[in-house]
Amino acid sequence: MGTIVSFALYTDGDGKAVLKELGACIEETEAEIAWRREESAISRINQSAGNPDGCVLPEDLQEEFIKIWQISKNSGGALDVTIAPVVRLWNIDTWAVSEEEEILEAGNFLPVETELAEKLLFTGYENVTIEENCIFLPEGFGLDLGAVGKGMTCDRILAFLEETKETENSVEAAVCSLGGNILTYGEKPDGSPWKVGITDPFQTDCYLGVLTLTGTNFVTTSGDYERYVEVDGVRYHHIIDPQTGYPANSGLRSVTILSEDGLTGDALSTACFVLGSKEALKLAKQYEAEILMVTEDGEIIMSEGMAEIFQAL
Ligand code: AMP
Ligand code: MG
């Protein structure tokens, strides 16, 4: 998934065996949703673009897609997994790891405006039809689940951890981290709460504060510091405003969501980043999620529930 994954498990069983199965669980999800993998369900869907017969949606994706499309609608299109053609054109992932300084200085990676405008014509979640177990993509369209994939994976990890209860390798408690997505599960044997650090977007090797949590929670952060290129003081990052085709410029540097499922948290963190603080607060409330935002000015804006569990460092 292009990120660092880490686990801490509390079990009286064989922890190594559990870790191995967890790895397989992640691998399985990635094999299903990664657009770069030719055999993935997403690749099959993308290859079906323009086909009037559509493409059959695997059962586990059906419910997830309905959720994603609902959040797209409720966010006014701020979340849009059909943004793929534009994301490909920007190719920020590649530039972000590039060491070709001269090219970056020349700003050569900036997409040509007319090309960007053309790619935008092949986006729009509302142009995709989902009917029972079938999805219909118009010609030239494609899906990129980058904004929701890690959250979906966290949901599957939770289901796996719950299943271990029936086995000799029962996991009592765990904390899983997939890049900016954290899952806390169960209660630690010593009864102490979970502490989840929130990265300071101005100094990414530091935390700006800590959330104190009990039991099972999903904490998801989207930020402009994850994958970006900076040229002449302008930061081109990986979260695109589907209305403009350019990196979102809503006055936020990061958004953290506390939610009851991973997919919702991941979808909301991206959508809220694009929307900006005012609309983001409303959207989070609609989904009964807690939200913390860091603005460009370094201000921290939080929902009430978030303020109760957040401690600044
Ligand atoms: P996240 O880190 O969860 O906010 O997801 C960002 C990733 O989702 C990017 O790297 C793109 O692959 C993709 N993406 C960028 N902008 C959007 C958007 N507005 N809606 C959906 N996916 C997006
Ligand atoms: Mg996201």
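A quick note: this is a predicted structure, and the numbers were derived from the prediction, not measured.

> I'd like a description of the sheet that holds strand β15 (residues 310-312), backed by residues and values.
In a beta sheet, neighbouring strands pair by backbone hydrogen bonds and run either parallel or antiparallel. Here we have 3 strands laid out as an open sheet, ordered β7-β8-β15, and antiparallel in their pairing. The open sheet has two free edges, formed respectively by β7 (194-200) and β15, since each of these has just one partner strand. Geometrically, the sheet is characterised by an average inter-axis angle of 35 degrees between neighbouring strands, direction not taken into account. Here 3 bridges tie strand β8 (residues 203-213) to β15, and the two strands are oriented antiparallel to one another. Each residue of the ladder has a partner; that of Leu211, found in β15, is Phe310.

> Residues and numbers for the nonpolar core, please.
In this structure, Ile45, Phe65, Ile68, Trp69, Ile135 and Leu143 are the most contacted members of the largest nonpolar core, which totals 44 residues. Counting only elements with at least two residues in this core, the list comes to α2 (41-47), α3 (59-74), β12 (252-259), α9 (262-275), α10 (277-286) and β13 (290-295). Element by element, the count of residues in this core is highest for α9, at 7 residues. In terms of nonpolar packing, the next biggest core, distinct from the first, is built from 16 residues, Leu22, Ile26, Cys176 and Phe218 among them.

Procedures and definitions
- Residues numbered from 1 in each chain as written.
- Chains lettered and ligands numbered in written order.
- Predicted model: local features only at pLDDT ≥ 70, side-chain atom pairs only at ≥ 80, totals over all residues.
- Heavy atoms only, no water.
- Pairing = 2+ DSSP bridges.
- Helix = DSSP H or I, 4+ residues; strand = E, 2+ residues; numbered from the N terminus.
- Axes fitted to C-alpha atoms, helices over the stretch in contact; angles between N-to-C directions.
- Core = buried A, V, L, I, M, F, W, Y, C linked by side-chain atoms within 4.5 Å.
- Buried < 20%, exposed > 50% of the residue type's maximum accessible area, 1.4 Å probe, protein only.

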